[in-house]
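Each chain is listed here by its residues.
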Amino acid sequence: MSTDKKRVQFRAPDRLIDRADALAAVLGEDRTDILVTALREYLQDAAHDDALTQEIAAAYYDDEITFDQLKALVGAEEAANLRVLKQQLDEDFIDEVADA
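These numbers were taken from a predicted model, which means no experiment stands behind them. (Residues numbered from 1 in each chain as written. Predicted model: local features only at pLDDT ≥ 70, side-chain atom pairs only at ≥ 80, totals over all residues. Heavy atoms only, no water.)

(A) Inspection of the packing of helix α3 (residues 50-61) against helix α4 (residues 67-74) at higher detail. For the pair α3 and α4, interaxial distance at closest approach is 10 Å and the crossing angle is 170°. Relative to α4, the element α3 lies roughly antiparallel. Here α3 contributes T53, I56 and Y60 to the contact with α4, which in turn contributes F67, L70, L73 and V74. The residue inventory of the contact of α3 with α4, partitioned by class, reads six nonpolar, one polar and no charged. (Axes fitted to C-alpha atoms, helices over the stretch in contact; angles between N-to-C directions. Helix = DSSP H or I, 4+ residues; strand = E, 2+ residues; numbered from the N terminus. Parallel < 35°, antiparallel > 145°, perpendicular 65-115°, else oblique. Contact = heavy atoms within 4.5 Å. Nonpolar A, V, L, I, M, F, W, Y, C, P; charged D, E, K, R; others polar.)

(B) A look at the confidence of the model for the chain. For the chain, per-residue confidence averages 89 on the pLDDT scale, and 89% of positions sit at 70 or higher. Averaged pLDDT values over the elements of the chain bottom out at 82 in helix α5 (residues 76-99) and peak at 96 in helix α1 (residues 14-27). (pLDDT = per-residue confidence, 0-100.)

(C) Local environment of the pattern of salt bridges. Scanning all chains against the criterion turns up two salt bridges. Measuring nitrogen to oxygen at the nearest pair gives 2.7 Å for the salt bridge that ties D21 to R31. Placement of D21 in helix α1 and of R31 in helix α2 (residues 31-47) is noted, with a sequence separation of 10 residues between them. Linking D63 and K86 is a salt bridge whose minimum nitrogen-to-oxygen distance equals 2.5 Å. One end of the pair, D63, is in the loop between α3 and α4; the other, K86, is in helix α5, with 23 residues separating them in the sequence. Judged by relative accessible area, which is 58%, D63 ranks as exposed. (Salt bridge = Lys/Arg side-chain N within 4 Å of Asp/Glu carboxyl O. Buried < 20%, exposed > 50% of the residue type's maximum accessible area, 1.4 Å probe, protein only.)

(D) Structural detail: the nonpolar core. The biggest cluster of nonpolar side chains holds 10 residues, and these are I56, A57, A59, Y60, I65, F67, L70, V74, A79 and L82. The set of elements that each furnish at least two residues to this core consists of α3, α4 and α5. The greatest single-element share of this core, amounting to four residues, is contributed by α3. (Core = buried A, V, L, I, M, F, W, Y, C linked by side-chain atoms within 4.5 Å.)

Structure representation (structure tokens):
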């Protein structure tokens, strides 16, 4: 895992932050560790959600996200499969337009 870090700032409901702080106290960690772990787990779970994976793929097919962003979201193997499918779809579209 990369050791590069980026500072982020966001607003969250007080109750949510209070819960994160309480868990951090129980585990002897700081809030950042709790939030990073929660975000990492959420993104990992999201990559295995079929409906969300389809949304991610659609965003890639529509050029709303880059291949690198796709790979970060779904993993290298799935991203490679989606890239091949996108190329096939693009070729099919070109063939369809040429035949019209």
